[in-house]
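Topology and contacts: notes
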Amino acid sequence: MNINRIVCATLLILLLGLLFGVAGNADAQLRSSVNMPNSHANHAAPAICNPIGFSNAYYAAGKHPYSVAVSDFNNDGIPDIATANLSSDNASVLLGNGNGTFQNPINSSAGSYPHAVAVGDFNRDRIDDLVIANSQNVSLLQGNGDGTFQPAYTLAVGSHLSSVAVGDFNNDAYDDLVFTDYDQNKAVVLIGNGDGTFDPPISYAVGRGPSSVAVGDFNHDSIPDLVTTSDALGTVSVLLGNGNGTFQIAVNFNVDNNPEWVAVGDFNSDGKADLVVTNYSSHDVSVLLGNGDGTFQSAVNYTVGTRPTSVAIGDFNGDGKPDLVIANSFSDDVSVLIGNGDGTFQTTLNFYAGSGPVSVAVGDFNRDGKPDLVTANSSMTSIAVLLNTCVSLTSTPPPATDTPLPTNTPSGPTDTPMPTATDTPAPPATDTPGGPTHTPMPPTATDTPAPTDTPGGLTDTPMPPTNTPGGPTNTPVPTSTPVPPATNTPGGPTNTPVPTSTPGGPTPTDCANPFVDTSGNIFYPAIHYLYCRSVVNGTDASHFSPHGSS
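Residues numbered from 1 in each chain as written. Predicted model: local features only at pLDDT ≥ 70, side-chain atom pairs only at ≥ 80, totals over all residues. Heavy atoms only, no water.

Points about the environment of leucine 177
Secondary-structure assignment places leucine 177 in strand E12 (residues 176–181). Spatially, the C-alpha atom of leucine 177 lies 9.1 Å from that of glycine 120, the residues being 57 residues apart in sequence. (Helix = DSSP H or I, 4+ residues; strand = E, 2+ residues; numbered from the N terminus.)

Below you can see the structure in the form of C-alpha cells.
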C-alpha cells in the first residue's frame, strides 16, 4: 500500500513538472515575441551575446548632417533614415532595403541651418511627416507615403531653436510639438489641430540655454510631461503636464557640465521613467532614476568619449535590459554602456563611427532582431550605419539525470520544508559623500518665470523639494574608470571597441557651449561645434553662423 502511494505521488510530481515546463516555455515564447524589455531574472533567460560589436557602412546624405531619426517613410515595414543637414539647408531620407543597406538619399528643402529632425503624423493620414528645427523657424514636410514629401511650409516659432520633440499634450489624439529656444530660455509648445496646422505657440520658462527636450510621464498620471537640458546651468528642467496642453512651472535637477541631450527610459524596471543626459564639457552621461512623482534621485555619472552630444536607448546584447549609446562628437566614436537592469551600467565600450558624430538613433535595419545604430556625422556629407554583429550565446542546460524512486520507509516519507529563498536586491550605485544632490532648484525671476500666453491659466506651484535644504553641494560624483577595451583586429569586418579617448585631450577648451568667435558672434549648440572645429582647423566657416556673419 505504501509503495503504491509513493509510485502514484512520483508520477503526479513528474506530470506536474512536465505541465509547468511547457507553460514556462510558452511564457518565454510570448515574452520573446512581444520583445518585453523589462522581463525579470526569474523568467526564461534571454539569448545574450558577448562581446558586442558593429560593422560599419557609410551612406551619402546632405552636407554636414546634424540630426538623425528612424521611421518607415514608405510603409513597407522596413526602417528608413531621415537627416537634417546643417550646411545644405535640406533634409535627406534614405529608404532601407531590409538587409541593412540603403538607397540613395531623397532630398527635400528646409529652412536655414536645419539641425534637428523629428517624426510625427500631423495631418492624421497615417503617413509619417517630418518636422525640422532651423536656426530661426520650423519646416514641416508632409509625407506622401512613398518616401517623398510635399514642399515644406514654415512656422514662426522662436529666435534660435535647438531641438524638437513630438507628443500629444492635450489628449486629443493629434500630434503636438515642443521646441527649445536657446536664446529665450523657453520651451515652446504648439498644439496640433490634426490637419497639419497648429495653434499659436505657448512659451514656458526653463533653465538657461536649453539645448534639448524630451517627452515622458514622470509622475505616473498618464499625462505627458517635458524635460529640457540647461546647457548654461548644468541642470535639467522638468515641467509636469496638466493634460490640457499646458504645463506647470519648471523644477530643476542637477547634472554635470554643459548638458547637451536628454532621453527617457526605465533603467531599473520599476515602471518609473528615468533620465539619461549627455554632458558635453565633462565628457560623461548622467543617469537620474525617477521616483514616480515627478522628482528624481541624484545623478550618477559615467565616463564616455570626448564631447558627447546625443544619446539613445536600446538592448544591444539581447539580455532584455536597456543599454545606452552615446555619440561623441570629438572622439569620432559612439560609447555603449551595457545596463545591469538595476539602474546602473557597466564600463564604457567605444566603437568608431566616422568623423564628428553628433546624433545617434536606433533601428533594426537588417531585420535580424538586433538593434543597429545610425549616426549623423557632422564633419562629413554622410551618415554611418553600424550593424549589430553580436552573436547570441545559448546556454545548454545540463543533461537530465534519473532520480531514483524513494525507498519504502516504514513511517512514510518525511516532508522537509525547503528553505525560503531570500531575494537580495542588487546594491544601488552609491554616491560619494559630497556628490550631487537633486533638490529642485527654486524658481528665480530670471530662469523660471510663469509661462506666458497660457490658455486657461497654469498652475504656478512648483513641486515641493524632497531633499533637505542645505544638503551637500553639487560636486559631480566620481565617474567610472573604463577598462582598456580590445583593439581593432586588422582586416576584420567587425567594429571592435576602440581605445577610450582621454577626455579633454586634443579638444580645444574654447569650444564649450556656447562658442563666441573673435568678432563677438555667438554660436549656439546646433552650430557651435562645426564653427569652432573649423576655426581650429583654419578653414572658412562663415556659413555656419546662425547670424549670417563670419
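Quick look at unusual backbone geometry
For asparagine 258, which is not a glycine, the phi torsion comes out positive at approximately 55°. Its place among the elements puts asparagine 258 in the loop between strand E18 (251–254) and strand E19 (259–265). Positive phi outside glycine occurs at aspartate 332, with the angle close to 55°. With respect to the helices and strands, the residue aspartate 332 is situated in the loop between strand E24 (323–328) and strand E25 (333–337).

Things to note about the pattern of salt bridges
It is possible for side chains of opposite charge to pair when their charged atoms get near one another. The final tally for this structure, using the stated rule, is one salt bridge. Lysine 370 is the salt-bridge partner of aspartate 368, the closest N and O atoms lying 3.7 Å from each other. (Salt bridge = Lys/Arg side-chain N within 4 Å of Asp/Glu carboxyl O.)

What to know about the sheet that holds strand E2 (residues 54–60)
Within the open sheet, the four strands sit side by side as E2-E29-E28-E27. Their pairing is antiparallel. Whereas interior strands pair on both sides, the edge strands pair on one side only; in this sheet they are E2 and strand E27 (357–363). For this sheet, the mean angle separating the axes of adjacent strands, direction not counted, is 20°. One ladder, built from six bridges, connects E27 with strand E28 (residues 372–377); its direction is antiparallel. (Pairing = 2+ DSSP bridges. Axes fitted to C-alpha atoms, helices over the stretch in contact; angles between N-to-C directions.)

Let's talk about the side chain of aspartate 256
With respect to the helices and strands, the residue aspartate 256 is situated in the loop between E18 and E19. Buried charged residue aspartate 256 carries no salt bridge. Nearest counter-charge: arginine 307, at 11 Å. Within the structure, the side chain of aspartate 256 is placed 3.4 Å from the side chain of serine 282, a separation counted as a polar contact. Within the structure, aspartate 256 has its side chain in polar contact with the side chain of asparagine 301 (distance 3.2 Å). (Buried < 20%, exposed > 50% of the residue type's maximum accessible area, 1.4 Å probe, protein only. Lys, Arg positive; Asp, Glu negative; His and termini not counted. Polar contact = N/O pair within 3.5 Å; in protein donor to acceptor, adjacent residues only side chain to side chain.)

Focus on the confidence of the model for the protein chain
Of all residues in the protein chain, 63% have pLDDT values of 70 or greater, and the mean over the chain is 75. Low pLDDT (under 50) marks residues 394–494, which in the prediction has 145 contacts with non-local residues, meaning those over four places away or in another chain. Counting interchain partners and residues more than four positions distant, the pLDDT-below-50 stretch residues 516–527 has 37 contacts. (pLDDT = per-residue confidence, 0-100. Contact = heavy atoms within 4.5 Å.)

Looking at the pairing of strand E17 (residues 235–239)
Residues in a regular strand point their side chains to alternate faces of the sheet. Of all five residues in E17, five are buried; the element is thus mostly enclosed. Residues Thr235, Ser237 and Leu239 of E17 are buried on one face, and the alternating residues Val236 and Val238, pointing to the opposite face, are buried as well. Here strand E16 (residues 225–230) pairs with E17 via five bridges, running antiparallel. Directly across from serine 230, in E17, lies its bridge partner threonine 235. Adjacent in sequence and paired antiparallel, E16 and E17 are bridged by four residues, among which glycine 234 carries a positive phi angle near 70°. Two strands pair when backbone bridges link them, and E17 and E18 are joined in this way by four bridges, in the antiparallel orientation. Among the inter-strand pairings, valine 238 is bridged to a residue of E18, identified as valine 251.

Let's talk about the environment of phenylalanine 198
Along the chain, phenylalanine 198 turns up in the loop between strand E13 (186–190) and strand E14 (202–205). Discounting chain neighbours no more than four positions away, the residues touching phenylalanine 198 are Phe122, Leu140, Leu155, Asp175, Leu177, Leu190, Ile191, Gly192 and Asn193.

Notes on the layout of surface pockets
Empty space within the second largest pocket amounts to approximately 620 Å³. The wall of the second largest pocket is formed by 26 residues, among which Val68, Ala69, Val117, Trp261 and Val360 lie closest to the centre. Looking at the lining of the second largest pocket, the elements that each hand over two or more residues are strand E3 (65–71), strand E7 (116–120), strand E11 (161–167), strand E15 (210–216), E19, strand E23 (308–314) and E27. For the lining of the second largest pocket, the residue count by class is 23 nonpolar, three polar and no charged. (1 Å grid on protein atoms, 1.4 Å probe; cavity = no way out; pocket = protein on both sides within 12 Å on 5 of 7 lines; lining within 4 Å. Points joined across faces, edges and corners; volume = space filled by probe spheres on them. Nonpolar A, V, L, I, M, F, W, Y, C, P; charged D, E, K, R; others polar.)

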